[in-house]
Amino acid sequence: MIRFILNNQTIETELPKGFTVLDFVRYRKNLKGTKIGCREGDCGACTVLVGELIDKKVKYRTQTSCLMPLANAAGKHIVTIEGINKENGELTEVQQALVDESGTQCGFCTVGFVMSLTNFCLDETPKTNEMAVSAIDGNICRCTGYKSIERAAMKLCDKSEPSAVADGLSCAIEKEIVPEYFKDINFRLKVMSEPAALNRSLQQTVPTRFVSGGTDLYVQRPEVMVHAEAESLFDNTELRFIKESDDFVELGASVVVTDLLESEVFNRLFPNLYKHLKLVSSTPIRNMATLAGNFVNASPIGDMTAWFLALNAQIELSKPPASADGRTAQTRNIALKDFYLGYKQLAKSDDEFISKIRFRKNFTNFNFEKVCKRTYLDIASVNTAISLRSEPPASAGGSSVITKAHVSAGGVAPIPLYLRKTSEFLRGREISQETIAEAHEIIQTEIAPISDVRGAENYKRLLLRQLFTAHFVELFNIKP
Ligand SMILES: Cc1cc2nc3c(=O)[nH]c(=O)nc-3n(C[C@H](O)[C@H](O)[C@H](O)COP(=O)(O)OP(=O)(O)OC[C@H]3O[C@@H](n4cnc5c(N)ncnc54)[C@H](O)[C@@H]3O)c2cc1C
Ligand code: FES
Ligand code: FES
């Protein structure tokens with residue numbers, strides 16, 4: 001039994017946990033406002049709000065319902081356009097802004113934009129024009145043109161700044177951006193009995209296969225996933241944390257990219273976090289995409305995989321016992337760089353899942369570079385990340401020696417690549433043009449790109465060369 005709140009209605013359903021939220025709202029609840037476009041997470045026509053109790057408050061995020069299994073709706077508030085429309089037929093401020101700025105023509109995409117912008121108003125992030133436009137980075141419109149939609153988004157900035165006393169949700173209720181019934185959702189989620197997917201102890205699960213955010217699985221195998229007996233790890237609270245100690249940062253495997261963006265620890269350790277993570281998918285996908293999902297998908301161009309390879313991260317693999325006999329899960333640790341054995345071949349058994357990720361904080365500099373066919377909402381042609389420790393710590397133009405180095409590269413081999421020889425070479429070298437030039441030669445011996453739709457072999461070799469140089473331009477202002 002899966003239980004959640006859909007708009008203002010409590011839902012209890014025995015449907016398969018792999019059934020998508022999109023098909024549930026449209027075909028089981030006849031809520032046809034949510035549209036079907038690509039069914040691959042790209043267009044945003046199916047965007048819904050997902051409210052979850054976090055630290056006693058309901059926090060809303062957008063998700064693409066086409067990739068969201070019902071299991072991941074358990075214990076949450078799912079909101080479609082019908083759940084925010086005013087009963088008297090008037091438009092909400094968000095809808096009115098789109099009308100005023102001529103932000104809609106055929107209307108097919110409009111519901112998705114309204115949901116994303118409504119979430120922007122609910123959210124407590126700064127209400128800048130940049131953030132307003134970012135909020136719709138997962139929505140595609142094929143006929144209106146984006147300038148009018150962007151104007152509508154920016155218009156909401158002035159209107160949705162939370163007051164000093166009220167939080168984002170209270171403000172949005174007061175301004176009728178969302179209806180009054182949102183006030184009771186906190187209480188209703190609290191009293192709703194614990195859903196199966198939530199708080200389930202890892203020791204009691206014997207999964208045949210795992211699903212987390214579903215953003216890879218539901219694109220690759222949508223039909224199979226509906227009836228797959230997959231264990232959802234997305235809401236397991238034991239897998240959703242970010243902890244810092246003196247030397248390490250430890251994360252639960254189900255941390256999503258947005259959690260990193262909102263983490264104080266990550267913002268402190270990675271000063272360009274927003275700039276870099278903006279290059280990863282779109283807002284709704286970042287709200288769903290887990291780190292473990294990215295690692296296990298084993299795409300050679302996985303962005304978070306490149307990121308954590310360059311942190312020389314360790315992963316913890318857990319294996320639940322075959323029966324719920326109270327024994328603790330069996331665990332073992334492995335370096336992420338040793339996890340990839342060949343194309344989509346992993347150093348793990350089918351019943352092992354990633355439970356934790358850990359990396360040392362002993363770097364002084366970190367950079368991430370990604371080139372795609374288009375800047376946003378695209379997968380990489382080539383990506384790379386680097387973490388360095390330089391002594392004395394190098395600021396722009398300073399002369400320092402690299403004492404620790406880890407470099408990764410994606411899109412240049414059948415697996416996400418940790419550049420072992422290059423990393424080794426950099427240790428003990430001065431940060432200089434000569435070091436970069438010598439490292440280039442070593443990199444070329446470590447990679448084996450193939451020509452495909454993302455570029456010819458030689459182009460990818462050249463691209464990685466340029467991106468590796470870009471690390472040093474960004475970090476130390478060393479010009480090539
Ligand atoms: C529109 C769109 C844009 C995207 N853009 C990007 C992008 O820019 N960069 C990028 O890197 N990726 C991108 N992706 C891919 C995807 O979002 C990421 O790979 C994401 O991190 C996958 O995580 P998930 O939780 O959704 O994985 P799922 O789909 O839930 O799972 C993926 C795989 O991981 C396994 N798995 C999940 N959790 C665990 C676990 N804890 N232990 C063991 N196995 C596990 C599953 O069994 C499955 O094999 C995009 C996807 C879409 C749909
Ligand atoms: S239908 Fe296109 S993102 Fe879901
Ligand atoms: S208004 Fe037609 S697709 Fe956006």
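Because the structure is a prediction, the values reported are computed rather than measured. (Residues numbered from 1 in each chain as written. Chains lettered and ligands numbered in written order. Predicted model: local features only at pLDDT ≥ 70, side-chain atom pairs only at ≥ 80, totals over all residues.)

Student: What's the story with the pairing of strand S15 (residues 365-372) in this structure? I'm lost.
Tutor: On a regular strand, each side chain points to the face opposite its neighbour's, so the side chains alternate between the two faces of the sheet. Burial of S15 is extensive: seven of the eight residues sit out of reach of the surface. Direction of pairing for S15 relative to strand S16 (residues 380-391): antiparallel, over a ladder of eight bridges. Bridging across to S16, Asn365 finds its partner in Leu388. (Buried ≥ 20, exposed ≤ 12 C-beta atoms within 10 Å, placed from the backbone. Helix = DSSP H or I, 4+ residues; strand = E, 2+ residues; numbered from the N terminus. Pairing = 2+ DSSP bridges.)

Student: Just to check I follow, could you spell out the domain arrangement of the chain for this structure?
Tutor: How large an interface is tends to be reported as the accessible area lost when its parts come together. When the domains of the chain are assigned, the result is domain 1 (2-191), domain 2 (199-361) and domain 3 (365-480). The straight-line distance from the C-alpha centre of domain 2 to that of domain 3 is 24 Å. Broken down by class, the residue content of the side of domain 2 that touches domain 3 amounts to 12 nonpolar, seven polar and two charged. (Domains from an automatic or database assignment. Nonpolar A, V, L, I, M, F, W, Y, C, P; charged D, E, K, R; others polar.)

Student: Help me understand the packing of helix H2 (residues 93-100) against helix H3 (residues 110-122) in this model?
Tutor: A pair of packed helices can be characterised by two numbers: the angle between their axes and the separation between those axes. Interaxial distance between H2 and H3 falls to 9 Å at its minimum, and their mutual angle equals 125°. Overall, the two elements H2 and H3 adopt an arrangement that is oblique. H3 is crossed by H2, and the crossing has right-handed handedness. Facing Val94, Gln95 and Leu98 of H2, the residues of H3 in contact are Thr110, Phe113, Val114, Leu117, Thr118 and Cys121. Residue composition of the contact of H2 with H3, by class: six nonpolar, three polar and no charged. (Axes fitted to C-alpha atoms, helices over the stretch in contact; angles between N-to-C directions. Parallel < 35°, antiparallel > 145°, perpendicular 65-115°, else oblique. Left-handed = near helix turned anticlockwise from the far one by under 90°. Contact = placed C-beta atoms within 7 Å.)

Student: Help me understand H3, please; the structure alone is not making it clear to me.
Tutor: Each α-helix winds once per 3.6 residues, and so residues spaced three or four apart point in a common direction. Between its first and last C-alpha atoms H3 spans 18 Å; for 13 residues at 1.5 Å apiece the expected length is 18 Å, and the two agree. Of all the 13 residues making up H3, 13 are buried; the element is thus mostly covered by neighbouring parts of the structure. (Expected span 1.5 Å × (residues − 1).)

Student: For this particular structure, what's the right way to read the sheet that holds strand S11 (residues 330-335)?
Tutor: Neighbouring strands of a sheet are bound in pairs by backbone hydrogen bonds; such pairs are parallel or else antiparallel. Within the open sheet, the five strands sit side by side as S8-S9-S14-S10-S11. Their pairing is antiparallel. Here the strands that pair on one side only, and so sit at the sheet edges, are strand S8 (242-244) and S11. Between one strand axis and the next, the sheet turns by 20° as a mean value, whatever way the strands run. Here S8 runs beside strand S9 (residues 248-252); their pairing, made up of three bridges, is antiparallel. By the bridge assignment for S9, Ile242 is matched with Leu251.

Student: Sorry if this is basic, but what is going on with helix H17 (residues 433-446) here?
Tutor: For H17, with 14 residues, the first-to-last C-alpha span of 20 Å sits near the 20 Å given by 1.5 Å per residue. Those residues of H17 not exposed but buried are Ile436, Ala439 and Ile443. Around the axis of H17, the buried residues are gathered within 60° of arc, so they sit on the same side. The outward face of H17, more than 90 degrees from its buried face, is lined by the exposed residues Glu434, Ala437, Glu441 and Thr445. Where H17 is buried, its residues contact helix H16 (420-426) and helix H18 (457-476). (Arc of directions from axis to C-beta.)

Student: Is there a simple way to explain the site of ligand 1 in this structure?
Tutor: Around ligand 1 sit 32 residues in total, of which Gly41, Ser212, Gly213, Gly293 and Asn294 are the nearest. Those elements that provide at least two residues to the shell around ligand 1 are strand S6 (209-211), helix H8 (217-220), helix H14 (291-297), helix H15 (303-309) and strand S14 (353-360). Element by element, the count of residues in the shell around ligand 1 is highest for H14, at five residues. Partitioning the shell around ligand 1 into residue classes produces 16 nonpolar, 11 polar and five charged. Residues lining the shell around ligand 1 come from more than one domain, with at least three contributed by each of domain 1 (2-191) and domain 2 (199-361). (Near = placed C-beta within 6 Å.)

Student: Before we go on, may I ask you to explain unusual backbone geometry in this structure?
Tutor: Residue Pro392 is bonded to the preceding Glu391 through a cis peptide linkage, with omega at -10°. A positive phi is found at Asn477, a non-glycine position, where the angle reads about 55°. Within the fold, Asn477 resides in the segment after H18. Residue classification places Asn477 among the exposed positions, given that 12 C-beta atoms sit within 10 Å.

Student: Mind showing me how you'd approach the sheet that holds S16 here?
Tutor: Judged by pairing direction, the sheet is antiparallel, and its four strands sit side by side in the order S15-S16-S17-S18 without closing on themselves. Sheet topology places S15 and strand S18 (417-418) at the edges, where each strand pairs with a single neighbour. In the packing of H18 onto the sheet, contacts are made with S15, S16 and strand S17 (401-410), and the angle to S16 comes to roughly 35°.

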